[in-house]
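Letter by letter, the chains look like this.
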Amino acid sequence: MTATAEKLTRLLLPANPYEGFPIDEFAADEGENPQGWGYRHWIFDYVLKTTKPRIIIEVGTWKGASAIKMATLTKELGLDAAVICVDTWLGSPEHIRKPDRNRHTDSLNRKYGYPQLYHTFMANVLKWNCQDVIVPYPATSENAAVVFNQVRLKADLVYIDAAHEYEPALRDFVAYWDLLNDGGYLVGDDYIGWEGVTKAADEFAAAKASPLVGGRGKFAIRKNAEMPAELREMFEESERKRLEREAAEREAAEASA
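Rules used throughout
Residues numbered from 1 in each chain as written. Predicted model: local features only at pLDDT ≥ 70, side-chain atom pairs only at ≥ 80, totals over all residues. Heavy atoms only, no water. Buried < 20%, exposed > 50% of the residue type's maximum accessible area, 1.4 Å probe, protein only. Helix = DSSP H or I, 4+ residues; strand = E, 2+ residues; numbered from the N terminus. Pairing = 2+ DSSP bridges. Right-handed = clockwise from strand over helix to strand, strands pointing away. Axes fitted to C-alpha atoms, helices over the stretch in contact; angles between N-to-C directions. Parallel < 35°, antiparallel > 145°, perpendicular 65-115°, else oblique. Contact = heavy atoms within 4.5 Å. Nonpolar A, V, L, I, M, F, W, Y, C, P; charged D, E, K, R; others polar. Arc of directions from axis to C-beta. Expected span 1.5 Å × (residues − 1). Lys, Arg positive; Asp, Glu negative; His and termini not counted. Salt bridge = Lys/Arg side-chain N within 4 Å of Asp/Glu carboxyl O.

Caption draft 1: Up close: the pairing of strand E5 (residues 180–189). The buried fraction of E5 amounts to eight of the 10 residues, a majority that puts the element mostly inside the structure. In this structure, strand E4 (residues 155–160) lies alongside E5, joined through five bridges in parallel fashion. Looking at E5, one finds that Ala 155 is bridged to Leu 180. A crossover connection joins E4 to the parallel E5 through helix H7 (residues 166–177); in handedness this β-α-β unit is right-handed. As defined by bridge partners, E5 adjoins strand E7 (residues 218–222) across five bridges and the pair is classed as antiparallel. Considered in E7, the bridge of Tyr 185 is made with Arg 222.

Given below as structure tokens:
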């Protein structure tokens, strides 16, 4: 483990969670990357390369795709860093309420009614050799924030990809903003794509008088520091290309109709 990951493991957990994990009993995802959403977005490269964070908190992990992306980047950059992954690994409402309509419900891999998704995440972390950086913390986002405050934990980057509903999303932004160091970024997923997340992010940024930059899929707010013009321009260019691509796709569909 990195020195930072080892220190955080001792602080937050009773033992190293990877020691003795029965990797042969739980299948990791196949392919070049774990199954997930939004982990290929350029925001991860930009924020990690420009801020070189030591402690990253991810709220909402699923199978670990974005955590593994960030952990891999910290190693490529030669950072003594850790990624703390906060999740219940029980799934979201959309995985539970209509299991016959959601193709990801089977990923919960229920046994005796209880999801085994955490084990898939652990198997993925080991397969992609990120156990030296990633520290799993199974808890609700609210319980984890309470503990992190109690132990005076501060992060340089917070990435939130958890609830899609307005009220719990807003609660996460509020709770984890307090855990973020000045100059650090709060980066969120599901912007524009989920109405509740978008409303919560916009209202939170306005309440904090902190500029928000974003586009479909991601947003970023910087704490008590100026937002780089470069980052704003990158989001604007990304959105311009997206809109052009969608317009071209509509024209092609209409032409073939």
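Caption draft 2: Examining the packing of helix H6 (residues 141–150) against H7 more closely. At a closest axis distance of 10 Å, the pairing of H6 and H7 adopts a crossing angle of 10 degrees. Comparing the axis directions of H6 and H7 gives the class roughly parallel. In this structure, H6 uses Ser 141, Glu 142, Ala 144, Ala 145 and Phe 148 to contact H7, whose residues at the interface are Arg 171, Asp 172, Ala 175 and Tyr 176. The residue inventory of the contact of H6 with H7, partitioned by class, reads five nonpolar, one polar and three charged.

Caption draft 3: View of the pairing of strand E1 (residues 55–59). Counting buried residues along E1, five of its five residues qualify, which places the element largely inside the surrounding structure. Covered by surrounding structure in E1 are Ile 55, Ile 57 and Val 59 together with Ile 56 and Glu 58, the residues of both alternating faces. Sheet topology places E1 next to strand E2 (residues 82–87); five bridges connect them, and they run parallel. Note on E2: the bridge partner recorded for Ile 57 is Ile 84. A crossover links E1 with its parallel partner E2, the connecting element being helix H3 (residues 65–76), and its sense is right-handed.

Caption draft 4: Fine view of helix H1 (residues 3–12). Residues of H1 that are buried: Thr 4, Ala 5, Leu 8, Thr 9 and Leu 12. The arc that holds the buried residues of H1, viewed along the axis, is 135 degrees, so those residues lie on one side. Exposed positions of H1 whose direction lies more than 90 degrees from the buried face are Ala 3, Lys 7 and Arg 10. Along its buried surface, H1 packs onto E1, E2, strand E3 (134–138) and H6.

Caption draft 5: Local environment of helix H8 (residues 195–207). Helix length check: H8 (13 residues) gives 18 Å between terminal C-alpha atoms against 18 Å at 1.5 Å per residue, within 8%. Its buried side turned inward, H8 meets H7, E5, strand E6 (212–215) and E7. Once H8 ends, the next one or two residues include Ala 209, with phi positive near 55 degrees.

Caption draft 6: Just the sheet that holds E3, in detail. Strand order in the open sheet formed by seven strands is E3-E2-E1-E4-E5-E7-E6, and the pairing between neighbours is mixed. Of all the strands in the sheet, just E3 and E6 have a single pairing partner and so form its edges. On average, each strand axis in the sheet is tilted by 15 degrees relative to the strand beside it, whichever way the strands run.

Caption draft 7: Region of the structure containing the side chain of Asp 172. As for its placement among the helices and strands, Asp 172 is situated in helix H7. Despite its burial, Asp 172 remains without a salt bridge, the nearest opposite charge being carried by Arg 171 at 6.3 Å. With residues near it in sequence (within four places) discarded, Asp 172 still touches Val 59, Ser 141, Ile 160, Ala 162 and Ala 163.

Caption draft 8: Just the environment of Met 1, in detail. Residue placement: Met 1 occurs in the segment before H1. A C-alpha to C-alpha distance of 14 Å links Met 1 and Leu 11, two positions 10 residues apart in sequence. Aside from chain neighbours lying at most four places away, what touches Met 1 is Glu 6, Thr 9, Asn 16, Tyr 18, Gln 131 and Asp 132.

Caption draft 9: Structural detail: the pattern of salt bridges. Under the definition given, this model contains 11 salt bridges. The closest approach of N and O atoms between Glu 237 and Lys 241, which form a salt bridge, is 3.9 Å. Here Glu 237 and its partner Lys 241 are both found in helix H9 (residues 229–256), four residues apart, which amounts to about one turn of the helix. A relative accessible area of 45% means that Lys 241 is categorised as partly exposed.

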